[in-house]
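If you want the building blocks of each chain, they are given just below.
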Amino acid sequence: MRTSELEAPYPGRRRMMQQRGVWDIYSFHVNSTVTSRYAITVITSRVANGHENSTEIDFHVKIPKTAFISKFRMTIDGMIYDGVVKPKEEARKQYNTAVSRGQSGGLVSAVGRTLEDFKTSVSVAAYSKVTFELTYEELLQRRLGNYELLINAQPGQPVKDFKIDVSLYEKPGINFLQVEGSLASNDLGSAITKSHVDEKAWVKFYPTQDQQITCDGCGEKGLSGDLKIIFDVERPHSKGDIRENGGFFVHYFAPTGLPRIPKNVVFVVDQSGSMAGKKIEQTRTALLKILGDLDEDDHFGLICFDDKISPWKQKLLRATQQNLDKAKKIVTTITDRGGTDINAAVLEGVKMIKKSHREGSASILILLTDGDPTSGETRPERIQSNVREAIGKRFPLYCLGFGLDVNFEFLQKMAQENSGVARRIYEASDAALQLKGFYEEVAVPLLTSVQMSYRGAANLTQTSFSYYYNGSEIVVAGQITDINDFSTEVIGISTNSKVYKMYSDVLPAEDDKLPAEMGGFDNLLQRLWAYLTVKQLLEKELMLTGEEKEALSKEVLDISIKHSFVTPLTSMVVTKPEGEDSQVANKPKEGDKSADDAGARRAYYDLLSVAGDDDDYADDFAYSEDYDDYVGPRHFVLASDFGVKSSSMISGREDHHGPSLVYGLLGSGVCLAVLGILAASIFWFKRRKHTRPPHADHSKSASPCMGPVSVSCEDQGVESVTLMDKSGKELKALPS
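Parameters and conventions
- Residues numbered from 1 in each chain as written.
- Predicted model: local features only at pLDDT ≥ 70, side-chain atom pairs only at ≥ 80, totals over all residues.
- Heavy atoms only, no water.
- Salt bridge = Lys/Arg side-chain N within 4 Å of Asp/Glu carboxyl O.
- Helix = DSSP H or I, 4+ residues; strand = E, 2+ residues; numbered from the N terminus.
- Axes fitted to C-alpha atoms, helices over the stretch in contact; angles between N-to-C directions.
- Parallel < 35°, antiparallel > 145°, perpendicular 65-115°, else oblique.
- Left-handed = near helix turned anticlockwise from the far one by under 90°.
- Contact = heavy atoms within 4.5 Å.
- Nonpolar A, V, L, I, M, F, W, Y, C, P; charged D, E, K, R; others polar.
- Disulfide = S-S within 2.5 Å.
- Buried < 20%, exposed > 50% of the residue type's maximum accessible area, 1.4 Å probe, protein only.
- Pairing = 2+ DSSP bridges.
- 1 Å grid on protein atoms, 1.4 Å probe; cavity = no way out; pocket = protein on both sides within 12 Å on 5 of 7 lines; lining within 4 Å.
- Points joined across faces, edges and corners; volume = space filled by probe spheres on them.
- Phe/Tyr/Trp six-rings, centres within 6.5 Å; stacked < 30°, edge-to-face > 60°.
- Lys NZ or Arg CZ within 6 Å of the ring centre and 35° of its normal.

(A) Structural view of the pattern of salt bridges. Applying the stated criterion across every chain, the model contains 30 salt bridges. Its salt-bridge partner being Glu440, residue Lys436 comes within 2.5 Å of it at the nearest N-O pair. Here Lys436 pairs with Glu440, and both are found in helix H9 (residues 431-441), just four residues apart, close to one helical turn. Connected through salt bridges with shared partners, the residues Arg37, Arg142, Glu170, Asp232, Arg235, Asp241, Arg243 and Glu473 form a single ionic network.

Following this line, the structure appears as structure tokens:
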């Protein structure tokens, strides 16, 4: 919760923010309960308006992007206002209705590397208080032998009652616990206490107000950083950890003591012109480290590509020291050039693996690229089809997308169709570490072709897995239909093609049941099952079309609504006191073009409303050059036969060196080019004129800003376009 420059991009907004700043966050609590790896976190902020007038108070927090929001509540003067999760289309209609009344309930959201922003605001009467409460849920994923719970805190000011409480309950026992992150720095270390007794552990972070001001990187705005709770659990049984509660079960399978399987790995590396500079340097650095980690019984290949395909060797080589030294010399010579022929490069990698396949080994294909296909076959659907047919489910394909401009959805679908995953590599100083970190997750295969079977159960999550890697974990959840007949069976292929088989007909014991007080909800495992089901179905949806996609989407929607999850198919409608706009929160989607580059840009689960009658809104017509990189809420005016309407904006960069332009378009969809917008604007201006007076009633429309580079006007009823400068004077032509 804070007031920052990024939230005040216009001069008028800056003055408004100064008026807003008189409030006191007298309590800020984060309470996170982790039970059987399922985390439920509640952020509660209590704020007092100490001003003699009503004041707009912001609530701004960051949550893990893997989480689903499941509850939002505001309490003002004893009145409770709950957010309601609805199908996205229904919420969109409610939003459009508000827009048609001249209100603003717009939303812009984006995905960062690990966190997403949630922000709303509400008007609070003089000397009154408001309590904000946000709940989110997530299933912690095991990577490299650890689970990590990430908590972010940046209240925006020192808080007298600041607390972060984390409680862990893991029935098998917790074998280690540590606390890391920027909030665990040396000067804040005394604020952290942790305790650990068998299956339970607690972490408390209670910094004083003085510590919140004097700690490294702190100041008048108080703390701003992360707390990472890192732990792992005991694994006493080869069958894994099975928990039962309320008719649902979860099975965590991560056997230890298995021998590693020798692997065949081919690296397909983009060296096109767009990889110039830091990208190619960091790729070389990462490859040199990865090659150094290969075991001698591994085999490897290297293919560099631009508009030409350049395999280092025509077949895989054993990872002897001599071969690795030769490969490292080649890596140091990789330079950027040419176009991007992804299709031919990946097919060459598939061919190389097929040619050199060895019994008892595990094959892996890793693609690293930063752009769209520009050479050879450039149709994404055709490339995906070619790769899917060539691999034939024999081994996984992992796609690493470098930067924000990559067509991430294309890579995501291609990876998922071939039993792999896609991962974004962010352009930052640690990009080489990101690349190496991903490789380490898949570096040691222990089982292949893993099949999990359950008798006496139904509605199971994913049960087939191509590989099980060291340090990871396979998780299956479902509903128990016959507790007396419940049993599990796991079959996989180990080293030298040996069949690994684990069979258990042991019923979940009474000790396997989760204590009700640890859940936070009536049925924790049902929520865990719902979370995992929605996550996996959304991945599957990406690969479907037509009726199959519609049926699966309906299933996801039904589960999301039932459990109040804000997912890509649902939205939360945030209600407010009478006279204020309702607002809509959506779930950002990985791969969106508006993605947050490690915090360099800011976009939000933004519930900020700008409609009002404040005279300072007139200044919003002028865009300040002080905020050149701002990406956030925008509004534009739509003129029709029924008056002026406002609409939410689609993020874009504006030319803010000339007068403000207010764009509107006829028809539906998104314009494809700036020239098209300008031409259409001039054409409609000449055909029809609708002006907005310089002193229009701002209470009936949102403040416009510079026109975005592309807009969608579907369902807005636009019939004309008016061009105006910041004073409201109609322009006869576009400014030069």
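Okay, back to it.
(B) Summary view of the packing of helix H7 (residues 380-391) against helix H8 (residues 408-416). One way to put it is that H7 packs onto H8 with a least axis distance of 10 Å and a crossing angle of 20°. In terms of their interaxial angle, H7 and H8 are classed as roughly parallel. At the point where H7 passes H8, the crossing takes the right-handed sense. Between H7, through Pro380, Ile383, Gln384 and Val387, and H8, the contact on the second element is made entirely by Phe410, Lys413 and Met414. Split by residue class, the contact of H7 with H8 holds five nonpolar, one polar and one charged.

(C) Looking closely at the state of the cysteines. Summed over the entire model, instances satisfying the criterion amount to one disulfide. Residue pairing for Cys215: its cysteine sulfur links by disulfide to Cys218, the two sulfurs lying 1.7 Å apart. Its S-S torsion of about -50° marks the bond between Cys215 and Cys218 as left-handed, since a negative value means left-handed. Classification of Cys215 by relative accessible area gives buried; the value is 5%. Since its relative accessible area comes to 22%, Cys218 is described here as partly exposed.

(D) Structural detail: the pairing of strand S26 (residues 474-480). In terms of burial, S26 is largely enclosed, as six of its seven residues are buried. Bridging between strand S15 (residues 248-253) and S26 involves six bridges; their strand directions are antiparallel. Looking at S26, one finds that Phe248 is bridged to Gln479. Bridge count between strand S24 (residues 457-458) and S26: two bridges; the pairing is antiparallel.

(E) Broad picture of empty space enclosed by the protein. This model, assessed by the stated rule, comprises six cavities of 30 Å³ or more. The computed volume of the largest cavity comes to approximately 110 Å³. As for the largest cavity, its lining consists of 14 residues, of which Phe267, Leu287, Ile290, Ile366 and Leu400 are closest to the centre. The biggest single contributor to the lining of the largest cavity is helix H4 (residues 278-292), with four residues. Class assignment of the residues belonging to the lining of the largest cavity gives a composition of 13 nonpolar, one polar and no charged.

(F) Local environment of the packing of aromatic side chains. Considering all chains together, one arrives at 20 aromatic pairs under this definition. Here Phe28 and Phe162 contribute two aromatic rings whose centre-to-centre distance is 5.6 Å and whose plane-to-plane angle is 25°, an arrangement assigned as stacked. Here Phe162 lies in strand S9 (residues 161-169) and Phe28 lies in strand S1 (residues 23-35), a separation of 134 residues in the sequence. By the burial criterion, Phe28 is buried, and Phe162 matches it. Arranged with centres 6.3 Å apart and planes meeting at 55°, the rings of Phe253 and Tyr500 form a pair that is tilted. Of this pair, Phe253 sits in strand S15 while Tyr500 sits in strand S28 (residues 499-504), and the two are 247 residues apart along the sequence. Residue Phe253 is classed as buried on the basis of its relative accessible area of 0%. Seen from the ring of Tyr252, Arg37 lies directly overhead, with NZ or CZ sitting 3.9 Å from the centre. It is Lys163 that lies over the ring of Tyr206; its NZ or CZ is 5.2 Å from the centre.

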